[in-house]
Amino acid sequence: MWGGRFAEGPAAVMREINASIPFDKRLWQQDIAGSKAHVAMLAVKGIVTGEDAQAITEGLSRVAEEYEQHGVPVNMELEDIHMVTESRLAELIGPAAGRLHTARSRNDQVATDFRLWVRDAMDEVDAALKALQQALIARAEEHAASVMPGFTHLQSAQPVTLGHHLMAYYEMLRRDRSRFADARARMNQCPLGSAALAGTGFPIDRHMTAQALGFDGPTGNSLDSVSDRDFALDYLMSATQLSLHLSRLAEEFIIWASQPFGFVSLPDAYSTGSSIMPQKRNPDAAELVRGHAGRIMGCMNALAVTMKGLPLAYSKDMQDDKPPVFEAHDLLGLCIAAMTGMVEKVDFRTERMRALAMSGFSTATDLADWLVREGDVPFREAHHITGRVVKLAEERGVQLADLPLADLQAIDARITESLYDVLTVDASVASRMSHGGTAPEQVRARIAEARKALAGEGA
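Residues numbered from 1 in each chain as written. Predicted model: local features only at pLDDT ≥ 70, side-chain atom pairs only at ≥ 80, totals over all residues. Heavy atoms only, no water.

A separate point is a nonpolar patch on the surface. A cluster of nonpolar residues, Val13, Met14 and Ile17, forms a patch on the protein surface that exposes about 310 Å² of accessible area. When you line up the elements, isoleucine 17 lands in helix α1 (residues 12–18). (Patch = residues over 30% accessible without salt bridge, like charges linked within 9 Å, V, L, I, M, F, W, Y side chains within 5 Å. Areas by Shrake-Rupley, 256 points an atom, 1.4 Å probe, with all protein chains shown as cover. Salt bridge = Lys/Arg side-chain N within 4 Å of Asp/Glu carboxyl O. Helix = DSSP H or I, 4+ residues; strand = E, 2+ residues; numbered from the N terminus.)

Have a look at this one:
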């Protein structure tokens, strides 16, 4: 490739460090598509003949068939997917293959291929997240009224419904999908035709190639076009935020599956045993989702550090842009699939959840609220009165509802027997009717909205 400029070939170590074909072969479909769009435009503009363009297009189709059947050959001397494809094209159709690279550079070629790949990756993630959202909605509807303890600081706080808890993750995924959608819209401009860095003197039509490849239009600055990797960072940053959410759900499943909690039994398909302890049932899939989040964050950090000090335009450092994106995407796909399977198949132990929801004086806030509503007590005073009631129940080792009315009235004479109506966990969750609250009625309303929103997206 460099024969006109260099008298000697590269050293073996140079070939090894310089070649990207072991990983960028994943771009072969995008590389073929970009080349076909480019040569079609060259023919329309009269830059290459129609005969050569047809030969190149048919040859590229044959190369694609070979890759599909046998994979991309790894030839370190040809460096990357672009040169491997062009070399094979030359073997198939002869000298006409050399006209394909007219009015483009590997710089704009890889920028285009990588954008196409990341765009496809975003679409894959979005479809997978929609399936996970649907699984969460289905289980939330099943448990819209199932009572469980709600926690702050991992301490019993107030009763909530399991459906409400699951729908919290639906909301997280809704934001995750919006981040990927925003990133996709922002990156959907085509660098092809920017050439090495300055554009080209050939009378090309960049709007034509952009349209052919499904972009909204061409990029506006050739220097930025070949040096921009914001789209890859946007993907990794969105993936990082998503991995945090998946890790939080995985962590809850891990905690809930432990014997002290006993809230869930994870399906056999997502659990493992122990080589020495026959009773063990380990939540390994959830633990790996939690662990993979750290690796995905590492991928984001790796590319950010690579890009942070690069001058315009292209530098070879940018060859290292693809491995972290590829790794993160593979890990993310596994994590989403694992969490979707667990959500669909997990056995929620709702009786155990309900029993623990009644512990820890979880309806204390309901007592304070009752004093405000029924006794016209300022909330801060009601908070103090409730604290005394909780202390008494704690000393006696009973629940709030088990304290005699006389003892409650000894603390505050404004307490009446109707207080007991709000001290049950069912009454507590039913009363949380504010928009977005945990009341079963509100949970079902949000589920209906979510179903409607997902249905409106189409297939």
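This part covers the environment of aspartate 224. Mapped onto the elements of the fold, aspartate 224 is located in helix α9 (residues 222–227). Taking the relative accessible area as the measure of exposure, aspartate 224 reaches 41% and is therefore partly exposed. Taking C-alpha positions, aspartate 224 is 7.0 Å from alanine 313, a pair spaced 89 residues apart along the chain. (Buried < 20%, exposed > 50% of the residue type's maximum accessible area, 1.4 Å probe, protein only.)

In this section: the packing of helix α3 (residues 28–44) against helix α4 (residues 50–70). In the contact formed by α3 and α4, the axes pass within 9 Å of each other and the chain directions differ by 175°. By the angle between their directions, the pair α3 and α4 is classed as roughly antiparallel. Residues Trp28, Gln29, Ile32, Ser35, Lys36, Val39 and Ala43 of α3 lie in contact with α4, whose contacting residues are Ala53, Ile56, Thr57, Leu60, Ser61, Val63, Ala64, Tyr67 and Glu68. Looking at the contact of α3 with α4 residue by residue, the class counts come to ten nonpolar, four polar and two charged. (Axes fitted to C-alpha atoms, helices over the stretch in contact; angles between N-to-C directions. Parallel < 35°, antiparallel > 145°, perpendicular 65-115°, else oblique. Contact = heavy atoms within 4.5 Å. Nonpolar A, V, L, I, M, F, W, Y, C, P; charged D, E, K, R; others polar.)

Counted by the stated rule, this structure contains nine aromatic pairs. Taking 6.0 Å as the distance between ring centres and 55° as the angle between the ring planes, the aromatic pair formed by tryptophan 256 and phenylalanine 263 counts as tilted. Just as tryptophan 256 is buried, phenylalanine 263 falls in that class too. Chaining the aromatic ring pairs together yields one cluster made of Phe151, Phe253, Trp256, Phe261 and Phe263. Between the NZ or CZ atom of lysine 322 and the centre of the ring of phenylalanine 114, over which it lies, the distance is 5.3 Å. (Phe/Tyr/Trp six-rings, centres within 6.5 Å; stacked < 30°, edge-to-face > 60°. Lys NZ or Arg CZ within 6 Å of the ring centre and 35° of its normal.)

Before going further, it helps to spend a moment on α4. Relative to the 30 Å expected for 21 residues at 1.5 Å per residue, α4 spans 30 Å between its end C-alpha atoms, a close match to the ideal helical length. Listing the buried residues of α4 in full gives Asp52, Ala53, Ile56, Gly59, Leu60, Val63, Ala64 and Tyr67. Within α4, the buried residues cover an arc of 150° as seen down the axis, which keeps them to one side. Residues Glu51, Glu68 and Gln69 are exposed on α4 and point more than 90 degrees away from its buried face. Residue glycine 71 follows α4 closely and has a positive phi angle near 85°. (Expected span 1.5 Å × (residues − 1). Arc of directions from axis to C-beta.)

Moving on, we get to the layout of surface pockets. To locate leftover empty space, one rolls a probe as large as a water molecule over the atoms. Of the voids in this model, the largest pocket is the one considered here, and its volume is about 750 Å³. Val160, His164, His165, Met167 and Ala168 are, among the 32 residues lining the largest pocket, the residues nearest its centre. Elements with a minimum of two residues in the lining of the largest pocket: β1 (147–152), β2 (155–161), α7 (162–187), α10 (230–257) and α18 (440–456). Its residues assigned to classes, the lining of the largest pocket comprises 13 nonpolar, twelve polar and seven charged. (1 Å grid on protein atoms, 1.4 Å probe; cavity = no way out; pocket = protein on both sides within 12 Å on 5 of 7 lines; lining within 4 Å. Points joined across faces, edges and corners; volume = space filled by probe spheres on them.)

Take the pattern of salt bridges next. What the rule picks out here adds up to 29 salt bridges. For arginine 184, the salt bridge identified is with aspartate 123, shortest N-O distance 2.8 Å. Here aspartate 123 lies in helix α6 (residues 106–142) and arginine 184 lies in helix α7, a separation of 61 residues in the sequence. Taking relative accessible area as the criterion, aspartate 123 reaches 34% and is therefore assigned partly exposed.

Before going further, it helps to spend a moment on the nonpolar core. Tyr235, Phe253, Trp256 and Leu332 are the most contacted members of the largest nonpolar core, which totals 92 residues. Here this core takes 13 residues from α10, the largest share from any one element. Ignoring anything within four residues of it in the chain, the contact list for leucine 332 reads Val125, Phe180, Tyr235, Ala239, Leu242, Leu246 and Ile296. Core analysis: the next-biggest nonpolar cluster, separate from the first, contains 21 residues, Leu367, Ile385, Ile411 and Ile415 among them. (Core = buried A, V, L, I, M, F, W, Y, C linked by side-chain atoms within 4.5 Å.)

The next point concerns helix α14 (residues 364–375). Over its twelve residues, α14 extends 16 Å from the first C-alpha to the last, a length consistent with the 16 Å expected when each residue adds 1.5 Å. Buried within α14 are the following residues: Ala364, Asp366, Leu367, Ala368, Trp370, Leu371 and Gly375. Those residues of α14 hidden inside the fold are in contact with α15 (379–396) and α17 (425–431). Looking one or two residues beyond α14, the residue adopting positive phi is aspartate 376, at roughly 55°.

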